[in-house]
Amino acid sequence: IGTTSTATFDWTIQANPTLSKVSLSGVGTSRPKLSFMLTAGRDAPKLKTATVTLPRGLRFTRSRAKVTVTGLRNRRVKYTVSLQHGTLVIKVSNPAQQLHVTVTYPRLQAGGSLVSDVARRHASRLGLTVRTTDLLKRATRLTAKVKPRS
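Owing to the predicted nature of the structure, the values given are computational and were not obtained by experimental measurement.

Trainee: Which residues make up the pattern of salt bridges, and what values do they have?
Mentor: A pair can form between side chains of opposite charge whenever their charged atoms are brought close. If you walk through the whole model with that rule in mind, you get three salt bridges. Between Asp43 and Arg42 there is a salt bridge; the shortest N-O distance is 4.0 Å. Residue classification places Asp43 among the partly exposed residues on the basis of a relative accessible area of 47%. In this structure Arg42 comes out as exposed when scored by relative accessible area, which is 66%. Close ionic contact of Asp117 with Arg120 constitutes a salt bridge, the shortest N to O distance being 2.8 Å. Its relative accessible area of 26% is what places Asp117 among the partly exposed residues.

What follows is the structure, given as structure tokens:
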């Protein structure tokens, strides 16, 4: 009748990266601080780059200071930061399972209406977008809503 054959292979299901612990403080005093954590998915390749896009009312400046990136358990990570078309691009030298990113004033600045809304406690939640790329060059777009605080 016909011939049959058998094949075996391993199947790995990888989870997407996650964006967590997002906070935005100091906006009401015009000295904002943005902090968030990126974690590679379970059984997924480590993270290589992160591109941060800000909501209206916030902007990145070309200031060299005030961007810190640490890895798992607050370990130091070698990284470079650049500003491309209003987005902050963070590239790590050694890919990491987890990245904790903090961007503060003067690298991050808040606009007038957002500052006054937060100072009067009328600010609504803002959308933050982070695009990650892993070792296999697979890009993932992550979003989070964050309520700005004074």
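Trainee: Give a detailed account of unusual backbone geometry, specifying residues and quantitative values.
Mentor: Across the chain, the bulk of peptide bonds are trans and the bulk of non-glycine residues have phi less than zero. Of the consecutive residues Tyr105 and Pro106, the connecting peptide bond is found in the cis state with omega at 10 degrees. By secondary structure assignment, the location of Pro106 is in the loop between β8 (98–104) and β9 (108–110). Although it is not a glycine, Arg73 sits at a positive phi angle of roughly 55 degrees. With respect to the helices and strands, the residue Arg73 is situated in the loop between β5 (67–70) and β6 (79–84). Among the residues examined, Arg73 registers a relative accessible area of 65% and is labelled exposed. With a phi close to 55 degrees, His85 is a non-glycine residue in the positive phi region. Along the polypeptide, His85 turns up in the loop between β6 and β7 (87–96). By relative accessible area, His85 is classed as exposed at 85%.

Analysis parameters
- Here the residue index of a chain counts from 1 through its sequence in written order.
- In keeping with the model being predicted, local features are shown solely for residues with a pLDDT of at least 70 and side-chain atom pairs are shown and tallied solely at 80 or more, while totals for entire chains, interfaces and linings include all residues.
- In computing side-chain properties, one takes all heavy atoms of the structure into account and sets aside hydrogens as well as water.
- Salt bridge, as applied in this entry: a Lys or Arg side-chain nitrogen positioned within 4 Å of an Asp or Glu carboxyl oxygen.
- The buried label applies to any residue whose accessible area, calculated with a 1.4 Å probe on protein chains only, is under 20% of its type's maximum; exposed applies above 50%, and partly exposed to all values in between.
- Strands here are runs of E lasting at least two residues and helices are runs of H or I lasting at least four, both read from the DSSP assignment and numbered beginning at the N terminus.

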